[in-house]
Amino acid sequence: MSVSPIEVSSGDARYDALRRGFNQRWIAHPDYVVVATSTEDVESALAKFLADPAHATRRITVRSGGHCYEDFVSSEDVGVIIDVSQMNRVFFDASMDAYCIEAGATNWHSTTQLYRSTGLALPGGSCNSVGLGGHISGGGYGLLSRMLGLTVDYLYAVEVVTAADGRTPRRTVARKDSEDPALRDLWWAHTGGGGGNFGVITRYWFRGLQSPPAQVLLRSVAWTWDDFRERPDLFKSLVRRYGEFFTHEQHGTGPDFIHRNGYRDMFSLLKLTHMSNGKVGLTVQLDGTGKDAPARLKAFLDWITEGFTTGSGHHVTETALDKQIGEHPAQDALFIPTLLPWLTATQSLNDSGPNRCGKYKSAYMTKGFTDQQIDAIHRHVTDPGYSNPDALLQVDSYGGRINDVAAGDTAVPQRSSVLKLQYQAYWSWGKDADGNGVYDYRDADRDPEIAGPHLRWIQGFYRDVYQSTGGVPAVPDPALPASLSSNTDGCYVNYPDTDLGDPHLNTSGQPWHKLYYKDNYQRLQRAKASWDPHDVFRHQQSVRPPKTGQA
């Protein structure tokens, strides 16, 4: 525990690294970065910030792993960043009868420290360096979630440094069973309300955590774009049948083998890359402790790839996933179905890709794709006017145990979705725009066209897929035409996208908070009114105090 917080300012060699996160699009210019090692450090840093009149128009922000996709943590109006990454312990807290995970811990911290000592797991994400401070509060999910649920489904309590009067930091512990309704609201707000809204999260406590399978079966396969260019109908069939599989599983329809075998233990990631990548990829993980696991895996793959091979030959041939796609590394060793201990498999898949610039969008889907959506996907991933092997649509399987929880039990309202989509585009600066002989963020400041082609591609892609619902994956609304939002259910707050607030890109009539939170936004605003009415903790898409409106 430190005597006083560590402050890193512009004269410190660490400053340039600590003022930015994983996404190199966003570089802040804070007065200093606080490296906190305790809750007391956070209280002290917040007290100093609030007492300084110079910070009246500047923001204080918080970073754990640094994976915020927008400029919510690092932007021009940030005065102080509190970095909690050194607060990363994972331990059993007897006083709470719960497992404590500090907010600076990463997915990898929780995976290794929990499992090695207890055999339990938090069903978090597949990128090892993502910080749990934001991951959990936004309703984090991962490869175990169809089997075990979301991270927040196990959240018992949260410790937050709040400043309800706008002046005085206060360590607040909110429990699921707190007697005070305001404290219960604060706990609930951290079950999917997102980070940067109510205070500085320092600790989480979990009860009821479960064990992952001792062994999991993995397989990664790819199909070449050369084959799909010859047979675009089979690319479209893959996308269609992949969505239909999880729709059938959720609704009890379709082929008998889906329900006879059971697939809640299976998680899959379909990576629909731009054709310049050369390959489309798929990674599948399922419980490997049963003898039927290889047969169930084969049945799934055979069904979604129907027509790839016929009596006349191989129209689309399976190949190894031998290159990085998106945030995940090459998986050529998993071309043959491979049985591994769960921890070993998690280490194999756990990657975040290199530090680079990126833009992201998301969608929840309650059933598979329409023909119009499939045509739009194919049109944009085969766009000849754009070339980027690191641009893709990743389609994750969803549902299962996640959908056993009611929409209002946590702040995550999307409890009927079967697919979760992440649109991704990555790039590096790649141009010495300011002529100083090196590539760095100043080149992007000088020349917006470094990012321009990538932003236009992903924005056009998204708008085209959801053209019938106003350019976004609208949520069901009785006030809208029945044809609107027939299979979409909004967006994931942990994949923030400020375009949702742009009236030129979102013409659905649904504001960004409706897309993230649906009808849960009003309760989040109630928590905001109790715990941060002065809007100390804010960003472009933070929960608004009721008095400032909802837009």
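The sections below set out a description of the structure shown in this document. (Residues numbered from 1 in each chain as written. Predicted model: local features only at pLDDT ≥ 70, side-chain atom pairs only at ≥ 80, totals over all residues. Heavy atoms only, no water.)

The next point concerns the pattern of salt bridges. For the structure shown, the criterion picks out 44 salt bridges. When the shortest N-O distance is used, the salt bridge between Glu 159 and Arg 203 registers 4.0 Å. Here Glu 159, found in strand E7 (residues 155-162), pairs with Arg 203, found in strand E9 (residues 200-206); they are 44 residues apart in sequence, far enough to count as distant. Like Arg 203, Glu 159 is buried. Between Arg 379 and Asp 464 there is a salt bridge; the shortest N-O distance is 2.9 Å. Residue Arg 379 is located in helix H12 (residues 371-381), and its partner Asp 464 is located in helix H14 (residues 452-465); the two are separated by 85 residues in the primary sequence. Salt bridges linked by common partners bring Glu 40, Glu 43, Arg 89, Glu 102, Glu 159, Arg 171 and Arg 203 together as one network. (Salt bridge = Lys/Arg side-chain N within 4 Å of Asp/Glu carboxyl O. Helix = DSSP H or I, 4+ residues; strand = E, 2+ residues; numbered from the N terminus. Buried < 20%, exposed > 50% of the residue type's maximum accessible area, 1.4 Å probe, protein only.)

Moving on to the sheet that holds strand E3 (residues 59-63). In a beta sheet, neighbouring strands pair by backbone hydrogen bonds and run either parallel or antiparallel. Taken in spatial order, the four strands of this open sheet run E1-E2-E4-E3, and their pairing is mixed. If you trace the sheet from one side to the other, it starts and ends with strand E1 (6-9) and E3, each paired once. Ignoring which end each strand starts from, the neighbouring axes of this sheet average 25° apart. Pairing of strand E2 (residues 32-35) with strand E4 (residues 78-83), which is carried by four bridges, proceeds in the parallel orientation. Note that in E4 the partner of Val 33 across the bridge is Ile 81. Where helix H2 (residues 39-51) meets the sheet, its contacts fall on E1, E2, E3 and E4, and the angle it forms with E3 comes to roughly 160°. (Pairing = 2+ DSSP bridges. Axes fitted to C-alpha atoms, helices over the stretch in contact; angles between N-to-C directions. Contact = heavy atoms within 4.5 Å.)

Trp 223, Phe 228, Phe 245, Leu 282, Phe 300 and Leu 421 are the most contacted members of the largest nonpolar core, which totals 147 residues. Tallying contributions element by element places helix H8 (residues 232-251) first for this core, with seven residues. Setting aside chain neighbours within four positions, we find Phe 245 in contact with Phe 257, Ile 258, Tyr 263, Met 266, Phe 300, Trp 303 and Ile 304. Ranked by size, the runner-up nonpolar core spans nine residues in total, among them Tyr 15, Val 33, Val 35 and Ile 81. (Core = buried A, V, L, I, M, F, W, Y, C linked by side-chain atoms within 4.5 Å.)

So, on to the packing of aromatic side chains. Tallying each qualifying case throughout the model produces 36 aromatic pairs. One aromatic cluster is present, built from ring pairs that chain together Tyr 69, Tyr 141, Phe 267, Tyr 360, Tyr 364, Tyr 398, Tyr 426, Tyr 492 and Tyr 495. It is Arg 241 that lies over the ring of Trp 303; its NZ or CZ is 3.9 Å from the centre. (Phe/Tyr/Trp six-rings, centres within 6.5 Å; stacked < 30°, edge-to-face > 60°. Lys NZ or Arg CZ within 6 Å of the ring centre and 35° of its normal.)

Here Pro 169 is to be found in the loop between E7 and strand E8 (170-175). If we skip the residues at most four places from it in the chain, Pro 169 touches Glu 43, Leu 46, Ala 47, Val 161 and Thr 162.

As a packed pair, H12 and H14 sit with axes 8 Å apart at the nearest point and diverge in direction by 165°. Here H12 is positioned roughly antiparallel relative to H14, judged by the angle of their axes. Regarding H12 and H14, the two cross each other, and that crossing is right-handed. Residue-level inspection shows Gln 372, Gln 373, Ala 376, Ile 377, Arg 379, His 380 and Val 381 of H12 in contact with H14, the latter providing Trp 457, Gly 460, Phe 461, Asp 464 and Val 465. When grouped by side-chain class, the residues that make up the contact of H12 with H14 number six nonpolar, four polar and two charged. (Parallel < 35°, antiparallel > 145°, perpendicular 65-115°, else oblique. Left-handed = near helix turned anticlockwise from the far one by under 90°. Nonpolar A, V, L, I, M, F, W, Y, C, P; charged D, E, K, R; others polar.)

This part takes up the side chain of Asn 350. Turning to its location among the elements, Asn 350 is positioned in the loop between helix H11 (342-349) and strand E17 (357-365). At a separation of 3.4 Å, a polar atom in the side chain of Asn 350 contacts the main-chain amide nitrogen of Cys 127. If we ignore the near neighbours within four places in the chain, the residues touching Asn 350 are Trp 108, Gly 125, Ser 126, Cys 127 and Asn 128. (Polar contact = N/O pair within 3.5 Å; in protein donor to acceptor, adjacent residues only side chain to side chain.)

One open sheet holds the five strands; their spatial order is E5-E6-E9-E7-E8, and the pairing between them is antiparallel. A strand with exactly one partner marks an edge of an open sheet, and here the two such strands are strand E5 (90-93) and E8. Across the sheet, the axes of successive neighbouring strands diverge by a mean angle of 25°, strand direction being ignored. Both E7 and E8 contribute to a ladder of six bridges, which runs antiparallel. Paired with Val 160 across the strands is Thr 172, a residue of E8. Sheet strands touched by helix H6 (residues 181-189): E7 and E8. Its angle to E8, the strand with the most contacts, is close to 85°.

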